Amino acid sequence: MTTEQCGQDQLPIGLFDSGVGGLTVLDAMRRLMPGEDYLFLGDTARVPYGAKSQKTIVRYSLQAAAKLIGQRIKLLVIACNTATAAALPALRETWPDMPIIGVIEPGSRAACEASPSGDIAVIRSGAYAEAILRRRPEAQVRSLACPLFVPLAEEGWFDGPIAEGVVSRYLEPLFEKSPAPDCLVLGCTHYPMLAAAIRKVVGPEVHIVDSAATTAEVVKRRLADKGLAHPQAGRTGRIRFFITDDPQRFTRTGSLFLNMTITDSDVRLVDLENVPLPDAAETPTQRKSS
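What counts, and where the lines are drawn
Residues numbered from 1 in each chain as written. Predicted model: local features only at pLDDT ≥ 70, side-chain atom pairs only at ≥ 80, totals over all residues. Heavy atoms only, no water. Helix = DSSP H or I, 4+ residues; strand = E, 2+ residues; numbered from the N terminus. Rg over C-alpha atoms; globule rule 2.2 N^0.38 Å. Buried < 20%, exposed > 50% of the residue type's maximum accessible area, 1.4 Å probe, protein only. Core = buried A, V, L, I, M, F, W, Y, C linked by side-chain atoms within 4.5 Å. Contact = heavy atoms within 4.5 Å. Axes fitted to C-alpha atoms, helices over the stretch in contact; angles between N-to-C directions. Parallel < 35°, antiparallel > 145°, perpendicular 65-115°, else oblique. Left-handed = near helix turned anticlockwise from the far one by under 90°. Nonpolar A, V, L, I, M, F, W, Y, C, P; charged D, E, K, R; others polar. Pairing = 2+ DSSP bridges. Right-handed = clockwise from strand over helix to strand, strands pointing away. Salt bridge = Lys/Arg side-chain N within 4 Å of Asp/Glu carboxyl O. Polar contact = N/O pair within 3.5 Å; in protein donor to acceptor, adjacent residues only side chain to side chain. Disulfide = S-S within 2.5 Å. pLDDT = per-residue confidence, 0-100.

## So, the overall build of the protein chain
A count of helices and strands for the protein chain gives 12 helices and 10 strands. Taken over the C-alpha trace, the protein chain has a radius of gyration of 19 Å; the compact-globule value for 290 residues is 19 Å, and the two agree within 12%. Taking the principal axes of the C-alpha coordinates as reference, the protein chain spans close to 55 × 45 × 40 Å. Considering the protein chain as a whole, with its 290 residues, one finds that 55% of them fall into the buried category.

## A few points about the nonpolar core
Core analysis: the largest hydrophobic core is formed by 47 residues, its most contacted members being M29 and F241. Here M29 is in contact with I13, L15, P34, Y38, V77, A216 and V219, once residues within four sequence places are set aside.

## Structural notes on the packing of helix α2 (residues 23-32) against helix α11 (residues 247-258)
Here α2 crosses α11 at 45°, and the two axes come no closer than 9 Å. Classified by the angle their axes make, α2 and α11 are oblique. Of the two elements, α2 crosses α11, and the hand of that crossing is right-handed. Residues L23, T24, L26, D27, R30 and R31 of α2 touch α11, and the partners they reach there are F250, G254, F257 and L258. Residue composition of the contact of α2 with α11, by class: 5 nonpolar, 2 polar and 3 charged.

## Focus: the sheet that holds strand β3 (residues 75-78)
The strand order β4-β3-β1-β2-β9-β10 describes an open sheet built from 6 strands, whose pairing is parallel. With partners counted over all chains shown, the strands left at the sheet margins are β4 (100-102) and β10 (267-269), one partner each. Within the sheet, the average angular offset between the axes of one strand and its neighbour, ignoring direction, is 20°. Examined bridge by bridge, strand β2 (residues 38-42) and strand β9 (residues 239-243) share 5 bridges and lie parallel to one another.

## What about the pairing of strand β6 (residues 140-144)?
Of the strand pairs in this sheet, strand β5 (residues 119-123) and β6 are connected by 5 bridges, and their pairing is parallel. Bridged to I123 within β6 is L144. Following the chain from β5 across helix α6 (residues 126-135) to the adjacent parallel β6, one finds a crossover that is right-handed.

## So, the packing of helix α5 (residues 104-114) against α6
Put simply, α5 and α6 touch, their axes get as near as 9 Å, and they point 55° apart. For the element pair α5 / α6, the angle class is oblique. As α5 runs across α6, the sense of the crossing is right-handed. Residue-level contacts link I104, E105, G107, S108, R109, A111 and C112 of α5 to A127, Y128, A131, I132 and R135 of α6.

## Quick word on the sheet that holds strand β8 (residues 207-210)
Spatial ordering of the open sheet is given by β6-β5-β7-β8, a layout of 4 strands whose pairing is parallel. This sheet does not close on itself; its edge strands, each paired only once, are β6 and β8. The mean angle between the axes of side-by-side strands here comes to 20°, regardless of whether they run parallel or antiparallel. In terms of strand pairing, strand β7 (residues 183-186) meets β8 through 4 bridges, oriented parallel. Paired with L186 across the strands is D210, a residue of β8. Where α6 meets the sheet, it contacts β5, β6 and β7, and its direction lies at approximately 175° from that of β6.

## Comments concerning the pattern of salt bridges
As enumerated under the stated definition, the model contains 14 salt bridges in all. The closest approach of N and O atoms between R142 and D119, which form a salt bridge, is 2.6 Å. Of this pair, R142 sits in strand β6 while D119 sits in strand β5; the two residues are 23 residues apart in sequence, bridging distant segments of the chain. Classification of D119 by relative accessible area gives buried; the value is 7%. Residues joined in a network through salt bridges with shared partners are D43, R46, R59 and E273.

## Re the side chain of S211
Here S211 shows up in helix α10 (residues 211-225). In this structure the side chain of S211 is engaged in a polar contact, spanning 3.2 Å, whose partner is the side chain of Y128. Apart from residues lying up to four places away in sequence, S211 is in contact with V103, Y128 and L186.

## Side note on the state of the cysteines
According to the stated counting rule, one finds 0 disulfides in the structure shown. Looking at the unpaired C80, the closest cysteine sulfur is the one in C188, lying at 8.2 Å. C80 sits in the buried class, given a relative accessible area of 3%.

## Quick word on the confidence of the model for the protein chain
Residue-level pLDDT values for the protein chain average 91, and 94% of them are 70 or greater. Confidence over residues 282-290 falls short of pLDDT 50; this stretch has 7 contacts with residues more than four positions distant or in other chains.

Okay, here's the thing in structure tokens:
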């Protein structure tokens, strides 16, 4: 290992999301790799990204990535389905030497491998359906909209009668039929918080794909392949948070998502609008029109 690699392996892993849902990815990563340091950025001032144009999502994602990369990180995770779908190519083109991992490809690959029949249900995300069909064209992908799942997760109602009632209302019409899908993809980073309630509704035979867990596994392999895993065994890594609005709400919700106490000293308020971008951060569309 080179001297440069020895320094890099002790740098933090950076993650960003449009809000707080990406904390499920952070939680999966810290459980799988507790010795790593993490820097999480939640763009809470501009959430949700899904209501924005692709051009705007790419700009927001470039700004978030630039902020994290400017803090010196060894790997970047796009812990947001919308940002992964819209901005992953632009981010990789802008920072070709930075390992960058999105959440869609790991989840779609896991779904294709887990489903014997190819009958796969996806909650919410069209990008997952497209990725599954690229990998397994014969698959039958059924997409479900479950708009109340996000507010349930952010209120901390992960299980119990309310959560199970809402989950049943959305999922039972599909999973009580025969044949039912044999695989369910949680197509939003909030949804793993409701996994226990979802499992009670769909039953034990359905394979549930948690993109947070599958992404964490990909990150661990990538660090090992590049010799970037933290070399100190047995340590407990540090987690820091950047957010763009409402630190108090983030501290409350983040503590629920991570099942740990987040203090004010762990959270820093940042402004992404004035983050300088490298010249290469123009989108391909912008370059063609210039």
